[in-house]
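The primary structure of each chain is shown beneath.
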Amino acid sequence: MSSSVSAVQRGRAAGRKTAPGPILLMGAPGVGKGTQAKELVKLWGIPQISTGDLLRANVAQDTSLGRVAKEIMGRGELVPDSLVDEMVAVRLQQPDAAKGYILDGFPRTLGQAGWLDGRLAAQPKPLPVVAVSIQVDYNQLLRRITGRRNCPVCQTIYNIYVNPPRRDGFCDVEGAALVQRADDTEQVFKERMRAYAALTAPVVEHYRALGRFAEVNGDRPIAEVAAGIVAAVERLRETA
Ligand code: AP5
Ligand code: MG
């Protein structure tokens, strides 16, 4: 996979004096949150915090959280707020999140948004949140979900239709056999879309109403989407 963030953008990011702060990447299942978060990590040097990835790690390690989450995720429903909030709270305490982070897939209920807003507001020097919602139509999302393959070692995300690995079925970086997520079926995708429409779409409206919010067209090459997100975040930061 090619790197999508330009040298010019890297140079500008390196010259920034202020911390990037919390950035929320929002959008439907398969819209490209994880792909874009990895690009932004390279640019801003702040961590990606993906609640989906954290939950899958708990499932893989067979923790008590993972045992609860496994079946819920397999059905395409959302894990209860209290469990996800606690998991995020632990992750946010790690030192690498002090100057900012990219939240990928959190918050996705109004309850989670209220929890995050309250937590940020309680900080001595609150950093303003910037929220970016990525847009892709339903048929493209389905194609992205069913075509996705992941490296279980380095977490690189591929797509057999759009950005396949050089060697079919194996990671370009690690050489590991690629895997397909258990919830990347058409049936579970439909459930995830239902959960998104019912519970997460109102969260997008919440951040739109607060301001410092942008929509970005995700139906473009990965590099162009990344450039669109960077431009939106920089513009919103200037007006914050
Ligand atoms: P999660 O892992 O967050 O899944 P999701 O929101 O459904 O999003 P995805 O990870 O499927 O897609 P993505 O937007 O990251 O797209 P990606 O970059 O991979 O959550 C999974 C489950 O965990 C939930 O259903 C729920 O049960 C639970 N959960 C997680 N967070 C929770 C929370 N906060 N509260 C409660 N429960 C929670 O890209 C997709 C594909 O498209 C890839 O193949 C990629 O290569 C390709 N692609 C990306 N960009 C492009 C592009 N520009 N052009 C062409 N192809 C592209
Ligand atoms: Mg993801």
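Our structure's up above, just so we're on the same page.
Our subject in this report is the structure included herewith.

Criteria and thresholds
Residues numbered from 1 in each chain as written. Chains lettered and ligands numbered in written order. Predicted model: local features only at pLDDT ≥ 70, side-chain atom pairs only at ≥ 80, totals over all residues. Heavy atoms only, no water. Helix = DSSP H or I, 4+ residues; strand = E, 2+ residues; numbered from the N terminus. Core = buried A, V, L, I, M, F, W, Y, C linked by side-chain atoms within 4.5 Å. Buried < 20%, exposed > 50% of the residue type's maximum accessible area, 1.4 Å probe, protein only. Near = heavy atom within 4 Å. Polar contact = N/O pair within 3.5 Å; in protein donor to acceptor, adjacent residues only side chain to side chain. Areas by Shrake-Rupley, 256 points an atom, 1.4 Å probe, with all protein chains shown as cover. Patch = residues over 30% accessible without salt bridge, like charges linked within 9 Å, V, L, I, M, F, W, Y side chains within 5 Å. Salt bridge = Lys/Arg side-chain N within 4 Å of Asp/Glu carboxyl O.

A few words on unusual backbone geometry. The amide bond that connects Phe 106 to the next residue, Pro 107, takes the cis arrangement and shows omega of 0°. Along the polypeptide, Pro 107 turns up in the loop between β3 (100–104) and α6 (110–121). Here Arg 212, not a glycine, exhibits a phi torsion of approximately 50°, which is positive. As for its placement among the helices and strands, Arg 212 is situated in the loop between α8 (186–210) and β7 (213–217).

As a further point, take the nonpolar core. Judged by nonpolar contacts, the single largest core of 54 residues is most densely connected at Leu 24, Trp 44, Tyr 207 and Ile 229. In this structure, Cys 151, Tyr 158, Cys 171 and Leu 178 belong to the second largest nonpolar core, which totals 5 residues.

Near ligand 1 there are 37 residues, and of these Thr 35, Glu 77, Arg 148, Tyr 158 and Arg 192 occur at the shortest range. One of the backbone nitrogen or oxygen atoms of Gly 30 is found 2.9 Å away from an oxygen atom of ligand 1. Between a nitrogen atom of ligand 1 and a side-chain N or O atom of Gln 112, the distance comes to 2.8 Å. For ligand 1, whose free accessible area comes to 1,000 Å², the fraction covered by protein is 97%. Every element with two or more residues in the shell around ligand 1 is listed here: α2 (33–44), α3 (51–60), α7 (138–147), β6 (157–159) and α9 (222–239).

For the rest of this paragraph, the subject is a nonpolar patch on the surface. Taken together, the side chains of Ile 160, Tyr 161 and Val 162 define a hydrophobic patch exposed on the protein surface, amounting to about 290 Å² of accessible area. Here Ile 160 is to be found in the loop between β6 and α8.

Such coordinate-based values are descriptive only and should not be taken to indicate function.
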